[in-house]
Amino acid sequence: MKVLVYSAKDFEIDYLKKANGNRHKLRFVPEALDATTAVMAAGYDAVSIFSNDDASLVVLEILREMGVKYLALRSTGYNNVSIKSAKRIGLKVAYAPEYSPHGIAEHTVGLLLALNRKLVQANAQVNQYNFLIDDLVGSDLNGKTVGIYGTGKIGSILVKVFHAFGCRVLAHDLMRNHYLESHYDVEYLPLKEMCQQSDIISINVPLTHETHHIFNAELLGQFKKNAFLINTARGAIVKTKDLLKVLKKGQIQGYAADVYEFERGIYFKDLSQNGIKDELLIELIAMPNVLLTPHQAFATHEALERIANTTIDNIDCWEEGRSCKNELGYETFVS
């Protein structure tokens, strides 16, 4: 099968080549999929895309006109894909589920520790031979209340980690996890109440119509003044404009994120020479109580190997006419 791999990153290409083993004809291009680049797929049976590629209806229709039959995602999230439209026009779509729950959970904890204990600032000071600690005082995590928004694979791991730190763990999810309740003393609460009681809130849900901008001025206004918000899910779950206002007023203690609401076209690129024009992102980066990483939480050797193997296996299934367990249908989209 001829496969065009959009948004191909240097760090993932070798993993995909190894997983493929010369079975399929892969072509790697750095361009992201959108309405302009979709024509590059002419003559290909399948395309593979990443989380920031645009697979909306217009793009999918172009791909179908180019002869593409299959769309293989190299991500767990698929909010960037119009699954209903793909099904309607006969495009099959498969994703790569649960490839890095431990890696993302570990990165979440790393962000919190770095923000709370001011590790980036401390390292910068030491590099300048400044060994004062007056501005480096943090807080114990032990005894704090942590709110986990979403107790799926990643959230469940975080529950166990924060329980081990000696934290009281609260949670909010559509479905309660009784195992977490009985083994880790998790208390499920409505989202507003969870935020009101938590010293730390971690976002671990997919981006959907319901979760888009759910952390807006109203909900952020319920936070404790000394609260930290950590986001390793999707940027648009937090309304950036509202977040900036809350941070500037000192209504929360800090924000750490591996994602950004408008990261498409910015993240995964080296823009150090020309800078960026996104004023909201510039403001976030400049704030001393904000810590951002460039969507790297998933990027571990183990995860990249799993993504590659899953992506190629999905393509194998389609070529061989086998049932693809990771194929997404409209029923999956709305569940």
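Residues numbered from 1 in each chain as written. Predicted model: local features only at pLDDT ≥ 70, side-chain atom pairs only at ≥ 80, totals over all residues. Heavy atoms only, no water.

Here we have six strands laid out as an open sheet, ordered E2-E1-E3-E4-E5-E13, and mixed in their pairing. The open sheet has two free edges, formed respectively by strand E2 (25–28) and strand E13 (327–328), since each of these has just one partner strand. (Pairing = 2+ DSSP bridges. Helix = DSSP H or I, 4+ residues; strand = E, 2+ residues; numbered from the N terminus.)

Between helix H10 (residues 240–248) and helix H11 (residues 279–286), the least distance of the axes is 11 Å, while the angle of their chain directions is 30°. As judged from the angle between their axes, H10 and H11 are roughly parallel. Pair H10 / H11 crosses with left-handed handedness. Judged by residue contacts, Thr240, Lys241, Leu243, Leu244, Leu247 and Lys248 of H10 engage Leu280, Glu283 and Leu284 from H11. Here the residues of the contact of H10 with H11 sort into five nonpolar, one polar and three charged. (Axes fitted to C-alpha atoms, helices over the stretch in contact; angles between N-to-C directions. Parallel < 35°, antiparallel > 145°, perpendicular 65-115°, else oblique. Left-handed = near helix turned anticlockwise from the far one by under 90°. Contact = heavy atoms within 4.5 Å. Nonpolar A, V, L, I, M, F, W, Y, C, P; charged D, E, K, R; others polar.)

Here the focus is the sheet that holds strand E9 (residues 200–203). Reading across from one edge, E8-E7-E6-E9-E10-E11-E12 is the order of the seven strands in this open sheet, with parallel pairing throughout. In the strand order of this sheet, the two ends are held by strand E8 (187–188) and strand E12 (290–292), each with one partner. Bridge analysis of strand E11 (residues 254–257) against E12 gives three bridges, and the strand direction is parallel. Each bridged residue has a counterpart across the sheet, and for tyrosine 255 the counterpart in E12 is valine 290. The strands touched by helix H6 (residues 153–164) within the sheet are strand E6 (145–149), strand E7 (168–172) and E9, with E6 carrying the most contacts at an inclination of about 175°.

So, on to the packing of aromatic side chains. A full pass over the atoms with the stated rule returns twelve aromatic pairs. Between tyrosine 78 and tyrosine 95, the ring centres sit 5.6 Å apart and the planes meet at 90°, which makes this aromatic pair edge-to-face. Here tyrosine 78, found in the loop between strand E4 (70–73) and helix H3 (83–89), pairs with tyrosine 95, found in the loop between strand E5 (92–94) and helix H4 (101–116); they are 17 residues apart in sequence, far enough to count as distant. Pairwise contacts between aromatic rings join Phe11, Phe50, Tyr99, Phe268 and Phe298 into one cluster. Over the ring of tyrosine 44 we find lysine 2; its NZ or CZ atom is 4.9 Å from the centre of that ring. (Phe/Tyr/Trp six-rings, centres within 6.5 Å; stacked < 30°, edge-to-face > 60°. Lys NZ or Arg CZ within 6 Å of the ring centre and 35° of its normal.)

Under the criterion given, the structure shown has eight salt bridges. Of the charged contacts, one joins arginine 23 and aspartate 316 as a salt bridge, the two residues approaching to 2.9 Å between their closest N and O atoms. Of this pair, arginine 23 sits in the loop between helix H1 (10–20) and E2 while aspartate 316 sits in helix H12 (residues 301–320); the two residues are 293 residues apart in sequence, bridging distant segments of the chain. Since its relative accessible area comes to 7%, aspartate 316 is described here as buried. The closest approach of N and O atoms between glutamate 187 and arginine 168, which form a salt bridge, is 3.3 Å. In this pair, glutamate 187 sits in strand E8 while arginine 168 sits in strand E7, placing the two residues 19 residues apart along the sequence. Given the relative accessible area of 37%, arginine 168 is considered partly exposed. (Salt bridge = Lys/Arg side-chain N within 4 Å of Asp/Glu carboxyl O. Buried < 20%, exposed > 50% of the residue type's maximum accessible area, 1.4 Å probe, protein only.)

As a further point, take the pairing of strand E10 (residues 228–231). Of the two faces of E10, the one holding Phe228 and Ile230 and the one holding Leu229 and Asn231 are both buried throughout. The sheet contact formed by E9 and E10 spans four bridges and is parallel. Bridged to isoleucine 201 within E10 is leucine 229. Remark: the E10/H10/E11 crossover connection has right-handed handedness. (Right-handed = clockwise from strand over helix to strand, strands pointing away.)

In protein structure, a disulfide is the covalent linkage between the sulfur atoms of two cysteines. Counting across every chain of the model gives zero disulfides. You can see cysteine 317 has no disulfide; the closest cysteine sulfur is in cysteine 324, sitting 4.7 Å from it. Residue classification places cysteine 317 among the buried positions, given a relative accessible area of 4%. (Disulfide = S-S within 2.5 Å.)

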